[in-house]
Amino acid sequence: MADSQTSLWQLWRGEVYTGLVLGLVLSGLIFPLVWLTFGSKLAAVVVLALVCAGAAASSVGLLFPWVLSRWRFDPAYGSGPVATIVLQDVLSLWIYLLALRWLFG
């Protein structure tokens, strides 16, 4: 990112695309198991949450180090436990709970 001539917007779009693809692949792998075990509604929640969480996690993975760099902190801190556990995992759980609320009302 430091040596790239690509704009942050283009980098972010690429990260979101990658996260969406990973979320779709993971959803395709887990959907049949969740559907057979728990039913179609929960399977839909898991698919929606995985796709959204994939996009969100890849965005955090790009934007958090960028923000740290802009604030004159070492951007390497953005790839440590704070980014992965606190931001990405909590954000993924929050997305899952929002998907549950949205689909189950």
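Residues numbered from 1 in each chain as written. Predicted model: local features only at pLDDT ≥ 70, side-chain atom pairs only at ≥ 80, totals over all residues. Heavy atoms only, no water.

Asker: Give a detailed account of the overall build of the protein, specifying residues and quantitative values.
Answerer: Scanning the protein from N- to C-terminus turns up three helices and zero strands. Starting at the N terminus and walking to the C terminus, you meet the elements of the protein as α-α-α. With respect to the principal axes defined by its C-alpha atoms, the protein has extents near 50 × 25 × 20 Å. With 105 residues in all, the protein has 25% of them scored as buried. Looking at the protein alone, contacts between residues at least 24 apart form 68% of all its contacts between residues at least 6 apart. Summing over all exposed atoms, the protein offers an accessible surface of approximately 7,300 Å²; the carbon and sulfur share of this is 70%. (Helix = DSSP H or I, 4+ residues; strand = E, 2+ residues; numbered from the N terminus. Buried < 20%, exposed > 50% of the residue type's maximum accessible area, 1.4 Å probe, protein only. Contact = heavy atoms within 4.5 Å. Areas by Shrake-Rupley, 256 points an atom, 1.4 Å probe, with all protein chains shown as cover.)

Asker: Kindly report on the confidence of the model for the protein, identifying the contributing residues and their values.
Answerer: Caution applies to low-pLDDT regions: their predicted coordinates should not be interpreted in detail. When pLDDT is averaged along the protein, the result is 88, and 96% of the positions lie at 70 or above. Per-element confidence in the protein ranges from a low mean pLDDT of 86 for helix α3 (residues 81-104) to a high of 94 for helix α1 (residues 8-38). (pLDDT = per-residue confidence, 0-100.)

Asker: Please give an account of the packing of aromatic side chains that cites residues and values.
Answerer: In this structure the tally under the stated criterion is two aromatic pairs. Between Phe 31 and Trp 35, the aromatic rings sit 6.2 Å apart at their centres with planes inclined by 10 degrees, giving stacked as the arrangement. With Phe 31 and Trp 35 both in helix α1 and four residues apart, this pair spans about one turn of that helix. According to the relative accessible area criterion, Phe 31 is partly exposed, its value standing at 32%. Under the relative-accessibility criterion, Trp 35 is labelled partly exposed at 45%. (Phe/Tyr/Trp six-rings, centres within 6.5 Å; stacked < 30°, edge-to-face > 60°.)

Asker: Tell me about α1, and please be specific about residues and values.
Answerer: The largest bend in α1 comes to about 40 degrees, at Ile 30, with the proline Pro 32 one to four residues further on. Within α1 the residues assigned to the buried category are Val 16, Gly 19, Gly 23, Ser 27 and Val 34. In this structure, the buried residues of α1 make contact with α2 (40-70). Once α1 finishes, Gly 39 follows within two positions and takes phi at roughly 110 degrees, a positive value. (Bend = angle between axes of the 7 residues up to and from the residue.)

Asker: Report on α3, specifying residues and quantitative values.
Answerer: Over its 24 residues, α3 extends 32 Å from the first C-alpha to the last, a length consistent with the 34 Å expected when each residue adds 1.5 Å. Buried within α3 are the following residues: Ala 83, Gln 88, Ile 95 and Ala 99. Residues of α3 that are buried in the fold lie against α2. Once α3 ends, the next one or two residues include Gly 105, with phi positive near 70 degrees. (Expected span 1.5 Å × (residues − 1).)

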